[in-house]
Amino acid sequence: MTHEERLIYSRVSRRGFMGATAAATLSALAGREPQLVRAAQPGPSRKATADAVIVLWMAGGMAQTETFDPKRYTPFEPGVRVEQVLSTFPSIRTAVDTIRFTQGLEQIASVIDRGAVIRSFNAADLGFILHSRHQYHWHTGYIPPQPMAMPHLGAMISKTLGPKNPDMPAFIAIGQTVEGPGEIATLKAFHTAGFLGSEHGPFLIVDPQDAASAVRPPKELGAARFRSRRQLFEKLLAQEPVYQHGGDFQRDSLVKSLDAADRLLSSPSAKAFDLSLESRSSFDAYNTGRFGQGCLLARRLVEAGARYIEVTSEYIPFLYWDSHENGHERARAMKKLIDAPVAQLVRDLETRGLLDRTLVILASEFGRDAMTEGKVGKEVRDQAIDIPDVMREPRHYGMHRHFTAAGSILMFGGGIKKGFVYGKTADERPCTTIENPVVMEDLHATLYHALGIPPDTAYMVERRPVYVTRDGTGKPILDLFA
């Protein structure tokens with residue numbers, strides 16, 4: 001990409017982003033079936049260490065110094081300069097003597113001896129920061145806008161490896177509302193299989209407690225009425241763009257997705273979606289709200305043969321992890337939301353003998369700092385809310401700006417080393433990465449490597465190879481593997 005192109009891409013507005021991605025989606029309709037192309041890999045091939053992935057998505061930008069990369073603790077006190085505040089929580093011990101987290105993450109701290117922490121994730125420089133653009137990049141590996149609809153990681157994995165259980169959707173996304181204004185609507189742009197076809201798209205579940213209703217036809221609907229509704233639905237689809245403008249491949253893929261949905265309705269695998277079948281003690285161990293219930297549902301779905309599951313704390317602008325002010329209290333609340341269910345998920349997978357073959361990743365689109373928007377030397381327009389020079393009231397305690405030069409990621413299972421730290425950040429502001437930076441294509445290559453997928457695997461789409469990592473350049477971080 002040229003310097004001029006980068007400038008153009010960095011100036012894309014929310015409306016422009018939505019328009020560009022919608023155009024790319026429509027352009028995919030007329031495409032032919034993408035053909036798999038595996039590039040030759042030098043050296044001996046490595047067997048997969050995982051056959052399923054669970055991504056725990058901390059949407060909105062998790063502040064690393066408030067979670068998994070603690071720095072000097074400064075208690076709240078009126079008159080303290082904001083620039084002096086690095087961590088608003090004291091550090092705590094973990095199950096590994098050399099690893100410390102921050103207060104409020106005691107349960108995850110107790111299971112880090114089963115996994116690794118990356119402290120040097122570097123998000124891309126995309127100019128003025130939009131969460132939707134960085135989330136698109138994280139989930140597809142490509143910087144928007146693109147000339148075609150790029151598939152989500154889950155769709156790529158579904159297409160490349162196929163289902164583990166033919167009755168179970170290979171790609172399931174839990175907890176994110178994609179209907180709404182502004183940036184919420186743009187999340188649709190990567191919740192898609194893109195050019196791979198509808199059959200590899202996400203099975204979307206917003207509320208885990210209501211998941212069972214998505215795989216259970218109404219009791220009053222008999223077999224005859226169900227068939228009649230399916231026929232009527234197909235007539236309505238004939239009026240949609242995918243039928244009117246799409247090629248045979250896209251139409252066939254859509255029919256396959258409908259057939260798969262019908263198959264699931266009558267399959268014993270549908271029981272995996274029903275949280276009411278879980279014991280009360282198990283449900284309570286996870287139940288911190290929708291995210292915790294999503295972690296429980298993810299465990300049940302992995303047991304039933306799902307290939308890729310994503311559970312999100314949900315992105316809503318200026319809520320949850322998107323903390324521009326009052327960051328201390330917001331982080332405290334989010335820790336209560338994630339601490340118990342994440343740790344319980346790891347323990348349950350281990351107890352059931354599934355952790356060794358399930359890669360669990362906890363991640364966010366970028367990190368946060370109290371002073372720098374973007375990164376040092378490449379600052380962008382500040383989006384923070386009236387940050388004063390000194391703290392005067394509790395809402396000034398944890399004034400978080402978007403920070404792309406460092407962020408934390410947790411990995412468990414799937415062949416990953418146990419009790420391991422990768423990467424290092426400076427102890428004083430700007431707390432930037434000083435050892436082993438991890439960029440997006442290498443993070444993705446690591447995930448694919450665990451699944452036995454070479455990072456230069458590609459699909460030929462309209463005579464253009466589209467790689468599973470950006471331009472096939474990703475390099476797996478082998479130091480992370482046992």
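Residues numbered from 1 in each chain as written. Predicted model: local features only at pLDDT ≥ 70, side-chain atom pairs only at ≥ 80, totals over all residues. Heavy atoms only, no water.

Caption draft 1: Summary view of the nonpolar core. In terms of nonpolar packing, the biggest core is built from 54 residues, with Leu56, Phe273 and Leu301 touching the most fellow members. Apart from residues lying up to four places away in sequence, Leu301 is in contact with Met168, Ile172, Ile174, Ala272, Phe273, Ala306 and Ile309. In this structure, Trp57, Leu187, Phe190 and Ile361 belong to the second largest nonpolar core, which totals 53 residues. (Core = buried A, V, L, I, M, F, W, Y, C linked by side-chain atoms within 4.5 Å. Buried < 20%, exposed > 50% of the residue type's maximum accessible area, 1.4 Å probe, protein only. Contact = heavy atoms within 4.5 Å.)

Caption draft 2: Expanded view of the packing of aromatic side chains. Scanning the entire structure with this criterion turns up 5 aromatic pairs. Ring centres 4.8 Å apart and planes at 50 degrees place the aromatic pair Trp57 and Trp138 in the tilted group. Of this pair, Trp57 sits in strand S2 (residues 52-57) while Trp138 is found in helix H4 (residues 131-140), placing the two residues 81 residues apart along the sequence. Among the residues examined, Trp138 registers a relative accessible area of 1% and is labelled buried. An angle of 85 degrees between the planes, with centres 5.5 Å apart, marks the rings of Phe171 and Tyr308 as edge-to-face. Of the two residues, Phe171 sits in strand S6 (residues 171-174) while Tyr308 sits in strand S8 (residues 308-312), which places them 137 residues apart along the sequence. (Phe/Tyr/Trp six-rings, centres within 6.5 Å; stacked < 30°, edge-to-face > 60°. Helix = DSSP H or I, 4+ residues; strand = E, 2+ residues; numbered from the N terminus.)

Caption draft 3: Expanded view of the side chain of Asn122. By the element assignment, Asn122 lies in the loop between strand S5 (115-118) and H4. Looking at Asn122, its side chain comes within polar contact range of the main-chain oxygen of Ala405, at 3.1 Å. Polar contacts involving the side chain of Asn122 include one to the side chain of Thr433, which spans 2.9 Å. Contacts of Asn122, omitting those with residues within four sequence positions, involve Thr404, Ala405, Ala406, Thr433, Pro437, Val438, Val439 and Met440. (Polar contact = N/O pair within 3.5 Å; in protein donor to acceptor, adjacent residues only side chain to side chain.)

Caption draft 4: Molecular detail of the environment of Gly294. Its location among the elements puts Gly294 in helix H12 (residues 290-304). Sequence-wise, Gly294 and Ile205 are 89 residues apart; in three dimensions their C-alpha atoms are separated by 9.1 Å. Residues contacting Gly294, with those up to four places away along its chain left out, are Ile174, Pro208 and Val311.

Caption draft 5: View of the packing of H4 against helix H14 (residues 440-450). At their nearest, the axes of H4 and H14 sit 9 Å apart, and the two run at 40 degrees to each other. Relative to H14, the element H4 lies oblique. Residues His137, Trp138 and Thr140 of H4 pack against Met440, Leu443 and His444 of H14. Among the residues making up the contact of H4 with H14, the classes are represented as 3 nonpolar, 3 polar and no charged. (Axes fitted to C-alpha atoms, helices over the stretch in contact; angles between N-to-C directions. Parallel < 35°, antiparallel > 145°, perpendicular 65-115°, else oblique. Nonpolar A, V, L, I, M, F, W, Y, C, P; charged D, E, K, R; others polar.)

Caption draft 6: Here's a closer look at unusual backbone geometry. At the junction of Pro144 and Pro145, the peptide bond is cis and its omega measures out at 0 degrees in the coordinates. Mapped onto the elements, Pro145 comes out in the loop between H4 and helix H5 (153-161). For the peptide bond that leads from Arg429 to Pro430, omega is 20 degrees, which places it in the cis range. Within the secondary structure, Pro430 sits in the loop between strand S14 (424-425) and strand S15 (433-435). Even without glycine at this site, Arg463 takes up a positive phi of about 70 degrees. Considering the arrangement of structural elements, one finds Arg463 in the loop between strand S16 (457-461) and strand S17 (464-467). Look at Arg463 and you get exposed, because its relative accessible area is 84%.

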